[in-house]
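Inside the fold
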Number of protein chains: 2
Amino acid sequence: MTGTSSIRDVAMKGAGYYSRSTAGAKDVIDNATPMVLDAAAALPIPGDGRPITVADMGCADGGTSMEMIGKVLRALRRRAPGTPIQMVYTDLPRNDFSQLFQNVHGLTDLESPLLDIPEVYVFASGTTFHKGIFPPGSLHLGFSATASHYISEKPCPIPDHVHMVGAGGAVRAAYEAQGARDLEAMMLQRARELVSGGRLALFNFGIDEAGRYLGNTGGVSMFDTFNELWRDLAGQGAISRDEYRNTNFAQCYRTVDQFCAPLTDEESPVYRAGLRLSHVETRVVRCPYERDFAGHGDAARFAAEYIPTLRSWSEHTFMAGLSPDRTAAERQAVVDRFYDSYEDRVRRKPEGHAMDYVHIYLVCEKV
Amino acid sequence: MTGTSSIRDVAMKGAGYYSRSTAGAKDVIDNATPMVLDAAAALPIPGDGRPITVADMGCADGGTSMEMIGKVLRALRRRAPGTPIQMVYTDLPRNDFSQLFQNVHGLTDLESPLLDIPEVYVFASGTTFHKGIFPPGSLHLGFSATASHYISEKPCPIPDHVHMVGAGGAVRAAYEAQGARDLEAMMLQRARELVSGGRLALFNFGIDEAGRYLGNTGGVSMFDTFNELWRDLAGQGAISRDEYRNTNFAQCYRTVDQFCAPLTDEESPVYRAGLRLSHVETRVVRCPYERDFAGHGDAARFAAEYIPTLRSWSEHTFMAGLSPDRTAAERQAVVDRFYDSYEDRVRRKPEGHAMDYVHIYLVCEKV
């Protein structure tokens, strides 16, 4: 789970906070590792001394994907013992790339599996995945988890909710249109960059066939709770009506059909550029904090452990929604009060709270 | 001027501090740009769709080399309009790579010339230049300024000085041997990575034919001043004798002969790996703060402007020399007192103080 928002929070919270608070995001990747290994097994291997290039796009500090990347690179090493591998981590410029390199180069508590694999060359890119990251025809395997729900700009305010999943009508349509434009831009760039036979594995936050999405899997809806508690602050006068209206996640959750359309519609520029759908499925990965709670039954502990995982990726959005006329300390106090109210609500009535992950898993091939 | 030491200071001092405090380091690069442009003009251009790869090794925040890199990439763009260019910035993992990407991608006050050049792909690497950064035979033009004087480890304490330029006998020999080992390792890695006909431009702190080196060009010696003032703190009991002894720059200033030996000695592994000396010269670039002082004549202003440029790359070494038993605040207070005493000394008697840059400029070719 990455992008501008989470990244700023990571930078604020310091080393390791992000990966520690995103155990579920790691589960999502670990559980789907066989899909990436299958893609790696099908890649064409360059026979002319050129390197195999693998990318993790939207990598944050590299922690959640480290174990999977290790398995993939070891598999490629076995397939092509003499071929150099370039492992490229990408994220937005404000990402903590120093933390990423420290993790990857084994300078932190995280165990880096990349150190033991010969002829692996690690790089980073600060180029958004909506633009060109790699030279044409040079990327073999692109991977991106829990990143492409970030859109490049907010098309309009959402007047009555904090997230587009709570919006309807023209507002929802505007977010969906922005989401479609960004997805097309991202896929077109990758179609240009992939070698023929190259693969793209995208594990995206989305809306599954049953209408479920992150934190909305039958119990209490997380985004509705965000919205209620933030609106309550407006009702209490702690934030202004404008601040409430201006607080919106720059995200679009897409349906399976919306994700697949560029890859299956023969008229789409992505299809015409040669990118094809190889595999799609949806999965729900259970919230690890709620799962722990089912074991220990301590509501206060659950609340205390659960809120940081929400906060790790959402805090920036709430901070950014507040007026720039406020001091940083004022903004922080408002946001602290907000998360305290969420924690309080979970502690009083923990039943139904769960940030279950709902992902749409796509594997694409460049023909 | 980069490496572990300066990097930590940059991270501590925040955005832009490093480049602002290193106007002289930018002069060094700007003045020598024609050498890099000549090297770029002689490069072989790949004809098979592979990219041209250019590297800035020891880049810090990219600010001092930005203008030069812009000229080089524009020249390559003109020579090879259709060939993608990979621009790779490298430094140690703790470098502020986020600041680098923000600078390069035009998100700061610095004007980035890289934005306007088509088909340029920017990457970073956190791999030390003493190890392999690139796949074999993939690097076209390697550049490194004011970076290779950092050695990979200190061979021993320097009991009576802070820098190896003030050491003699076995201690100096140990630093020179470490410097030779690191230079050979760096050059061997580059020899492996460069394409045939590829070039390496190294602008290094060193000792010129007249025995001059950084801050030691006939006036007051900067490193001797560092040493005197630091020893004074030991004399006053502000630091212990052990702290004095343990404060040493992890650097080796090499002579012209020492720099050239791996490239001209037919028995050396670097020579045997195909790296050859194309050009060597030494230059002294005048301290911009002392030059300003010659104009304005205000000793207090000179002292206030001069000390930060010394501090930007030296502070970490003095902090690191202090006992880990001290609190961070204690260490900072000692180091503040130290630089205050330096500023005081310059203010009282400014004549002769100058951090003139003394560089040895090498251009090598892979045959």
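Residues numbered from 1 in each chain as written. Chains lettered and ligands numbered in written order. Predicted model: local features only at pLDDT ≥ 70, side-chain atom pairs only at ≥ 80, totals over all residues. Heavy atoms only, no water.

Digging into the overall build of chain A
Just so we agree on the cut-off: A run of DSSP states H or I qualifies as a helix once it reaches four residues; a run of E qualifies as a strand once it reaches two. Both are numbered from the N-terminal end. Between the two quantities, the radius of gyration covers C-alpha atoms and the globule rule is 2.2 Å times the number of residues to the power 0.38. Burial status follows relative accessibility: with a 1.4 Å probe on protein chains alone, a residue under 20% of its type maximum counts as buried, one over 50% as exposed, and anything between as partly exposed. Here a residue-residue contact requires only that any non-hydrogen atoms of the pair lie within 4.5 Å. In short, Shrake-Rupley with a 1.4 Å probe defines the accessible areas, and a residue's cover is counted only from the protein chains shown.
Each helix and strand counted, chain A has 14 helices and 8 strands in total. Whereas a compact globule of 367 residues would reach a radius of gyration of roughly 21 Å, chain A reaches 21 Å, a difference of no more than 12%. In chain A, buried positions account for 59% of the 367 residues. A fraction of 82% describes how many contacts in chain A between residues 6 or more apart in sequence connect residues 24 or more apart. Taken as a whole, chain A presents about 13,200 Å² of accessible surface, with 49% of it coming from carbon and sulfur.

Points about the interface of chain A and chain B
Definition in use: Once two parts are joined, some of their accessible surface, as seen by a 1.4 Å probe, is lost; buried area is that loss totalled over both. The term salt bridge refers to a side-chain nitrogen of Lys or Arg lying within 4 Å of a carboxyl oxygen of Asp or Glu. Identification of polar contacts relies on pairs of N or O atoms within 3.5 Å, with a donor-acceptor requirement for protein atoms, meaning one able to donate a hydrogen and the other able to accept it, and with residues adjacent in sequence counted only if both atoms are side-chain atoms.
Counting residues at the interface gives 30 residues for chain A and 30 residues for chain B. Between chain A and chain B, the buried area comes to about 2,400 Å², and carbon and sulfur atoms account for 57% of it. Here chain A is connected to chain B by 4 salt bridges. In this structure, the salt-bridge partner of E119 of chain A is R192 of chain B, at a minimum N-O distance of 2.8 Å. If you look at where chain A meets chain B, you find 11 residue pairs in polar contact (both at pLDDT 80 or more). For the side of chain A that touches chain B, the elements supplying multiple residues, two or more each, are β2 (85-90), α6 (97-104) and β3 (120-125) of chain A. Per element, the largest residue contribution to the side of chain A that touches chain B is 5 residues, and it comes from β3 of chain A.

Structural notes on the pattern of salt bridges
The full count for this structure, using the stated rule, is 40 salt bridges over all chains. Of the charged contacts in the structure, one is a salt bridge between R245 of chain A and D242 of chain A, with a shortest N-O distance of 2.7 Å. Of this pair, R245 of chain A and D242 of chain A both sit in helix α9 (residues 241-246), 3 residues apart, which is roughly one turn of that helix. Because the salt bridges share partners, they merge into one network encompassing D48 and R50 of chain A together with D48 and R50 of chain B.

Considering the nonpolar core
The criterion, for reference: The nonpolar core is taken to be a set of buried Ala, Val, Leu, Ile, Met, Phe, Trp, Tyr and Cys residues, with the residues joined through side-chain atoms within 4.5 Å.
One finds F226 of chain A together with F226 of chain B to be the most contacted residues of the largest nonpolar core, which totals 175 residues. Membership of the second largest hydrophobic core comes to 52 residues, among which are L194 of chain A together with Y121, F129 and L183 of chain B.

A short note on helix α3 (residues 23-31) of chain A
Residues and elements named next belong to chain A. Rule in force here: This arc is taken over the directions from the axis of the helix to the C-beta atoms.
Among the residues making up α3, those that are buried are G24, A25, V28 and I29. Along the long axis of α3, the arc covered by the buried residues comes to 145°, so they all point the same way. Structurally, α3 contributes buried residues whose contacts are with α4 (33-41), α5 (66-79), β4 (139-145), β7 (275-285), α12 (288-296) and β8 (357-366).

Describing the pairing of strand β1 (residues 52-57) of chain B
All names here are of chain B. Stated formally: DSSP-based pairing: two strands are paired if at least 2 bridges between them are found. The path from the first strand over the helix to the second decides the hand: if it runs clockwise while the strands point away from the viewer, the crossover is right-handed.
When you tally the buried positions in β1, you get 6 out of 6 residues, the bulk of the element. In β1, alternate side chains face the same way, and those of I52, V54 and D56 on one face and T53, A55 and M57 on the other are all buried. Bridging between β1 and strand β2 (residues 85-90) involves 6 bridges; their strand directions are parallel. Its bridge partner being in β2, V54 is matched across the sheet by M87. Note that the unit made of β1, helix α5 (residues 66-79) and β2 has a crossover that is right-handed. Where β1 and strand β4 (residues 139-145) come together, 3 bridges link them in parallel fashion. Following the sheet pairing, D56 is matched in β4 by F143.

Brief notes about the relation of the copies chain A and chain B
The condition that has to hold: A least-squares superposition brings the copies together, and it is based on the C-alpha atoms of residues with pLDDT no lower than 70 in both.
Taken as rigid bodies, chain A and chain B are interconverted by a rotation of 180° and an axial shift of 0.0 Å, the fit giving an RMSD of 0.0 Å. Such a turn and shift between the copies fits a two-fold axis. Across chain A, the smallest distance between a C-alpha and the rotation axis is recorded for A124 of chain A, namely 2.5 Å. Looking at the interface residues of chain A, 100% of them are also at the interface in chain B, so both copies use one shared face.

What to know about the packing of aromatic side chains
Counted only if it meets this: Stacked, tilted and edge-to-face pairs are distinguished by plane angle, under 30 degrees for stacked and over 60 for edge-to-face with tilted covering the rest, among Phe, Tyr and Trp rings (Trp via its six-membered ring) whose centres lie within 6.5 Å. The rule is short: NZ of Lys or CZ of Arg within 6 Å of the ring centre and within 35 degrees of the ring normal puts a charge over the ring.
Following the criterion strictly, the structure yields 52 aromatic pairs over all chains and no others. With 6.1 Å between their ring centres and 70° between their planes, Y213 of chain A and Y253 of chain A make a pair best called edge-to-face. You can see Y213 of chain A sitting in the loop between β5 (194-207) and α8 (222-235) and its partner Y253 of chain A sitting in the loop between α9 and β6 (254-255), a full 40 residues away along the chain. Each member of the pair, Y213 of chain A as well as Y253 of chain A, is classed as buried. Summarising the aromatic geometry, the rings of F249 of chain A and W313 of chain A are spaced 5.7 Å apart at their centres and angled 45° between planes, so their arrangement reads as tilted. With F249 of chain A in the loop between α9 and β6 and W313 of chain A in helix α13 (residues 299-321), this residue pair connects regions lying 64 residues apart in the sequence. What makes F249 of chain A buried here is its relative accessible area of 1%. In this structure, R276 of chain B packs its charged tip against the face of Y271 of chain B, placed 3.5 Å from the ring centre.

Concerning the state of the cysteines
The test is simple: Only a pair of cysteine sulfur atoms within 2.5 Å counts as a disulfide in this structure description.
All chains considered together, the criterion is met by 0 disulfides over all chains. Looking at the unpaired C364 of chain A, the closest cysteine sulfur is the one in C260 of chain A, lying at 8.5 Å.

Comments concerning the confidence of the model for chain A
All names here are of chain A. Selection criterion: A residue's pLDDT is simply how confident the predictor is in it, with values from 0 to 100.
On average, residues of chain A carry a pLDDT of 93, and 94% of them reach 70 or more. When the criterion is pLDDT under 50, residues 1-18 qualifies, and its contacts beyond four places in sequence or with other chains add up to 55 contacts. Scored as a whole, the predicted complex attains pTM 0.92, and scored at its interfaces, ipTM 0.91.

A few points about the environment of M68 of chain B
Residues and elements named next belong to chain B. Examined against the element boundaries, M68 turns out to sit in helix α5. We classify M68 as buried; its relative accessible area is 0%. In this structure the C-alpha to C-alpha distance between M68 and D30, which are 38 residues apart in sequence, comes to 6.1 Å. The contact partners of M68, leaving out residues within four places of it in the chain, are I29, T33, V36 and F143.

So, the packing of helix α12 (residues 288-296) of chain B against helix α13 (residues 299-321) of chain B
Residue and element names in this part refer to chain B. Stated precisely, the cut-off is as follows: Only the stretch in contact is used when a helix axis is fitted, and all axes are lines through C-alpha atoms; the angle between N-to-C directions ranges over 0 to 180 degrees. Orientation labels follow simple angle bins: below 35 degrees gives roughly parallel, above 145 gives roughly antiparallel, 65 to 115 gives roughly perpendicular, and whatever is left gives oblique. Note on residue categories: nonpolar means Ala, Val, Leu, Ile, Met, Phe, Trp, Tyr, Cys or Pro, charged means Asp, Glu, Lys or Arg, and polar means any other residue, Gly included.
Axis separation between α12 and α13 bottoms out at 9 Å; the angle between their running directions is 170°. Our classification of the angle between α12 and α13 gives roughly antiparallel. Here Y289, E290, F293 and H296 of α12 lie close against α13, whose contacting residues are A299, R301, F302, E305, Y306 and T309. The residue inventory of the contact of α12 with α13, partitioned by class, reads 5 nonpolar, 2 polar and 3 charged.

So, the environment of V284 of chain B
Residues and elements named next belong to chain B. Structurally, the position occupied by V284 is in strand β7 (residues 275-285). The spacing of V284 and R212 is 72 residues in sequence and 8.6 Å in space, taken between C-alpha atoms. If we ignore the near neighbours within four places in the chain, the residues touching V284 are D208, R212, T217, D356, Y357 and V358.

Observations regarding α8 of chain A
All names here are of chain A. What counts, and what does not: A helix is expected to span 1.5 Å multiplied by its residue count minus one.
Here α8 contains 14 residues, and its C-alpha end-to-end distance of 20 Å stays within 8% of the 20 Å for a straight helix at 1.5 Å per residue. Within the span of α8, buried status applies to M222, F223, T225, F226, N227, L229, W230, L233 and A234. Where α8 is buried, its residues meet α9, α13 and α14 (328-348). Regarding α8, its N-cap is S221, as a side-chain oxygen of that residue lies 3.2 Å from the backbone nitrogen of D224 further along.

Here we look at the pairing of β4 of chain A
Residue and element names in this part refer to chain A. When you tally the buried positions in β4, you get 7 out of 7 residues, the bulk of the element. Relative to β5, β4 runs parallel, the two sharing 6 bridges. Residue pairing in the sheet places F143 in a bridge with A201 of β5. Crossover connection from β4 via helix α7 (residues 169-193) to parallel β5: handedness right-handed.

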